[in-house]
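Residue-level structural notes
As a plain string of letters, each chain reads:
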Amino acid sequence: MPPEAVRTFFSRLRAERPEPRSELRYRTPFELLVAVILSAQATDASVNKATETLFRVADTPEKMLALGEEGLRRHIRHIGLHNSKARNILATCRILLERHGGEVPRSREALEALPGVGRKTANVVLNVAFGEPTIAVDTHIFRVANRTGLAPGRTPREVERRLLEVVPETFRRHAHHWLILHGRYVCTARRPRCGACPVADLCAWEGKAAPG
DNA sequence: AACTCGGGGCA
DNA sequence: TGCCCAGAGTT
């Protein structure tokens, strides 16, 4: 997609959803980190419900460890993959205390070394908590980037690399948020709402004229 | 690259 | 009822 079209693309996405990022609800990097670990393959509504009560009880690594695996599972039982997530969160808390003074580390390498934290989660924390212009490629962004022709790639890493090349600096910080919301509400996996899409005229998807 | 974890949402 | 979801770890 030509640079001028890319600029128009993000201008329209920003106008479509100007509200602040949902991650800003979290008060500390630690709360954000735990919430993003929980959000893997889960809906944000189920994560919001769990963290609302969980963080009233345990908003630090120390309190989370004091809660214990059983106590933690009680809060996140309604979230998918909760067994491994409970285990990973507590293991991460131990590492935060042992190696990072109880704080969330600011480097990608240290973040990705935490149990339950992969590239996507690390990118979200780096962007939202520490203000770095990363783009976290999840399934939504992977689909939108490929379908529209904005930044096509065979793997998430390739899509991320091409997004970092193509997204103008002024849109970089919030690009992943707009792309995710667009993928969730408009450019959906099953039946994309191309009739309501603000960037349909810039989109390369051949099926965009399909009925429905 | 393929497989597993997993309850909830949605058609 | 069947399929997908704001992924990560293991093999």
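The structure displayed is predicted, hence computed values, not measured ones. (Residues numbered from 1 in each chain as written. Chains lettered and ligands numbered in written order. Predicted model: local features only at pLDDT ≥ 70, side-chain atom pairs only at ≥ 80, totals over all residues. Heavy atoms only, no water.)

Digging into the protein's contact with DNA strand B
Inspection of the region around DNA strand B gives Gln41, Arg77, His78, Ile79, Gly80, Leu81, His82, Asn83, Ser84 and Arg154 as its neighbouring residues. Within 4 Å of the protein, the atoms of DNA strand B are drawn from sugar and phosphate moieties in a proportion of 58%. One nitrogen or oxygen atom from the main chain of Gln41 is found 2.4 Å from a base nitrogen belonging to DNA strand B. Of the residues belonging to the surface near DNA strand B, the class tally is two nonpolar, six polar and two charged. (Near = heavy atom within 4 Å. Polar contact = N/O pair within 3.5 Å; in protein donor to acceptor, adjacent residues only side chain to side chain. Nonpolar A, V, L, I, M, F, W, Y, C, P; charged D, E, K, R; others polar.)

Let's talk about the side chain of Asn123
Checked against the element boundaries, Asn123 lands in helix H7 (residues 119-128). With residues up to four places along the chain from it excluded, the contact list for Asn123 reads Arg108, Thr134, Ile135, Ala136 and Glu160. (Helix = DSSP H or I, 4+ residues; strand = E, 2+ residues; numbered from the N terminus. Contact = heavy atoms within 4.5 Å.)

Considering the pattern of salt bridges
This model, assessed by the stated rule, comprises twelve salt bridges. Residue Arg27 pairs with Glu31 through a salt bridge whose shortest N-O separation is 2.6 Å. By relative accessible area, Arg27 is classed as exposed at 60%. We classify Glu31 as buried; its relative accessible area is 2%. Lys63 is the salt-bridge partner of Asp59, the closest N and O atoms lying 3.2 Å from each other. Classification of Lys63 as partly exposed rests on a relative accessible area of 42%. Through salt bridges that share partners, Arg27, Glu31, Asp59 and Lys63 make up one connected network. (Salt bridge = Lys/Arg side-chain N within 4 Å of Asp/Glu carboxyl O. Buried < 20%, exposed > 50% of the residue type's maximum accessible area, 1.4 Å probe, protein only.)

Considerations on the UniProt feature "binding site: [4Fe-4S] cluster" (unreviewed entry) in chain A
Per the UniProt record, the feature "binding site: [4Fe-4S] cluster" (unreviewed entry) sits at Cys187, Cys194, Cys197 and Cys203. Taken together, the annotated residues stretch across 17 residues yet fold into one region, lying no more than 10.6 Å apart by C-alpha. Looking only at the residues we just named, the largest cavity is lined by Cys187, Cys194, Cys197 and Cys203. Locating Cys194 in the fold gives a position in the segment after helix H10 (169-185). With respect to the helices and strands, the residue Cys203 is situated in the segment after H10. (UniProt positions renumbered as here; feature names shortened; annotations may be inferred. 1 Å grid on protein atoms, 1.4 Å probe; cavity = no way out; pocket = protein on both sides within 12 Å on 5 of 7 lines; lining within 4 Å.)

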